[in-house]
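Reading the structure
Each chain, letter by letter, is given below.
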Amino acid sequence: MSTAAVASTDRFEIGGRTFSSRLIIGTGKYRTFEEMKAAHRASGAEIVTVAVRRVPLDRSSESFLDHLDPALQVLPNTAGCYTAAEAIRTARLAREALGTNLIKLEVIGDQTTLFPDNEQTLEAARVLAQEGFVVLPYFTDDLIMARKLLDAGCPAVMPLAAPIGSGLGIQNPANLRIMREQLPDATIIVDAGVGTASDAAIAMELGADAVLMNTAIAEARDPARMARAMKLGIEAGRLAYVAGRMEKRLYASASSPATGVVR
């Protein structure tokens, strides 16, 4: 099957919605609205995440909400919440204001590292899933927690690659590989810590279904070019994963067969 054929049939699904792009992009930290719009266009992304607690949902003042492409699927998030109760209230507000039951669930446990509070996240996920939300939870790269979140009704899980906004790349590739192997049917979206296109490609090569990022693009010298690089990195990584890499060997293996060599 050709690359074009694979791209045309290899869809990504969340909560009954189907997407072609496996890149989910953010809205924060851009220097101007024009830079944000250019980056969004270059990324090819179809989903954009929005921090509910950081924008005027009543449109009382100008914000990036006024500059989003209407074709983008908005994914509200609960960034800035530190308890399950806060996150639940924020999700309910987002559903009313933005008209979507999609929610990226973030419950932070530490102000310095911005690491998630897995217990509070699970508590909120159970409530929101029962209320009909499509819950996409951000959590540490922990297989056991991933299972609990999926059992709670989350259609996907979002393990971190590194601390939010750090740009450190994939810090625990073994954890993501184990998660993929142990949860072969789960939708896994790598979230937080990607810094450049090679990080995105590695995440996809490890078997992630998609990657969510914001800072790596917004803080690049040229956000639009970085967005394009991320798009291509994700496409390359996904194609490599589907193709199946060669086995690693300790010793050399000749590319040409020994039989038929001219003497």
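Okay, so let's go over this structure.

**Brief notes about the packing of helix H2 (residues 33-43) against helix H9 (residues 223-243)**
Viewed as axis vectors pointing N to C, H2 and H9 meet at an angle of 20 degrees, and their least axial separation amounts to 7 Å. When the interaxial angle is binned, H2 and H9 end up roughly parallel. H2 and H9 meet at a crossing whose hand is right-handed. The segment H2 lies against H9, with Glu35, Ala38, Ala39, Ala42 and Ser43 engaging Pro223, Ala224, Ala227, Arg228 and Lys231.

**Here's the deal with the side chain of Ser43**
Mapping Ser43 onto the fold places it in helix H2. A distance of 2.8 Å separates the side chain of Ser43 from the backbone oxygen of His40, its partner in a polar contact. Only 3.0 Å separates the side chain of Ser43 from the backbone nitrogen of Ala45, close enough to count as a polar contact. Discounting residues that sit within four places of it in the chain, Ser43 has contacts with Leu23, Ile25, Ala227 and Lys231.

**Here we look at the pairing of strand S10 (residues 210-213)**
Neither face of S10 is exposed, since Ala210 and Leu212 on one face and Val211 and Met213 on the opposite face are all buried. Where strand S3 (residues 23-25) lies against S10, three bridges are found, and the strand directions are parallel. Looking at the pairing, Ile24 lines up with Leu212 of S10. Examined bridge by bridge, strand S9 (residues 187-191) and S10 share three bridges and lie parallel to one another. The residue of S10 that forms the bridge with Ile189 is Ala210.

**Remarks on the pattern of salt bridges**
When their charged atoms lie close together, side chains carrying opposite charge are able to pair. One pass over the structure, following the stated rule, counts 11 salt bridges. Across the pair Asp10 and Arg238 runs a salt bridge whose closest N-O atoms are separated by 2.7 Å. With Asp10 in the loop between helix H1 (3-9) and strand S1 (12-14) and Arg238 in helix H9, this residue pair connects regions lying 228 residues apart in the sequence. There is no split in this pair, since Asp10 and Arg238 are both buried. With its nearest N and O atoms 2.9 Å apart, the salt bridge here joins Arg180 to Asp209. One end of the pair, Arg180, is in helix H6 (residues 173-182); the other, Asp209, is in the loop between helix H7 (197-205) and S10, and 29 residues separate them in sequence. For Arg180, a relative accessible area of 7% gives the class buried. One network of salt bridges, with partners in common, ties together Asp10, Arg22 and Arg238.

**Observations concerning the nonpolar core**
Residues Val190, Val211, Met213, Ile217 and Met230 are the most contacted members of the largest nonpolar core, which totals 34 residues. Every element with two or more residues in this core is listed here: S3, H2, strand S4 (47-51), H7, S10, helix H8 (215-218) and H9. With residues up to four places along the chain from it excluded, the contact list for Ile217 reads Ile25, Tyr30, Ala39, Pro223, Met226, Ala227 and Met230. One finds Ala125, Leu149, Cys154 and Ile188 within the second-largest nonpolar core, a separate group that totals 28 residues.

Calculation notes
- Note that residues are indexed from 1 along each chain, following the sequence as it is written.
- Owing to the predicted nature of the model, reporting of local features is limited to residues with pLDDT of at least 70; listing and counting of side-chain atom pairs is limited to 80 or more, with chain, interface and lining totals taken over all residues.
- As a rule here, side-chain values come from all non-hydrogen atoms in the structure, and water together with hydrogens is ignored.
- What counts as an axis is a line fitted to C-alpha atoms, over the stretch in contact for a helix, and the angles between N-to-C directions run from 0 to 180 degrees.
- Each helix corresponds to a stretch of at least 4 residues labelled H or I by DSSP, and each strand to a stretch of at least 2 residues labelled E; elements are numbered beginning at the N terminus.
- Any angle from 65 to 115 degrees is called roughly perpendicular, while one under 35 is roughly parallel, one over 145 is roughly antiparallel, and all others are oblique.
- Put simply, a crossing is left-handed when the front helix is turned counterclockwise from the back one by less than a right angle, and right-handed when it is turned clockwise.
- Whether two residues touch is decided by their heavy atoms; if any such pair falls within 4.5 Å, the residues are in contact.
- Side-chain atoms alone can form a polar contact between residues adjacent in sequence; in general such a contact is a pair of N or O atoms within 3.5 Å, and within protein one must be able to donate a hydrogen while the other accepts it.
- Type-normalised accessible area, obtained with a 1.4 Å probe on protein chains alone, sets the label of each residue: buried when under 20%, exposed when over 50%, and partly exposed for intermediate values.
- Each pair of strands is called paired provided DSSP finds at least two bridges between the two strands.
- Here, a salt bridge means any side-chain nitrogen of Lys or Arg that lies within 4 Å of a carboxyl oxygen of Asp or Glu.
- Nonpolar core, defined: a set of buried Ala, Val, Leu, Ile, Met, Phe, Trp, Tyr and Cys residues in which side-chain atoms within 4.5 Å join the residues together.

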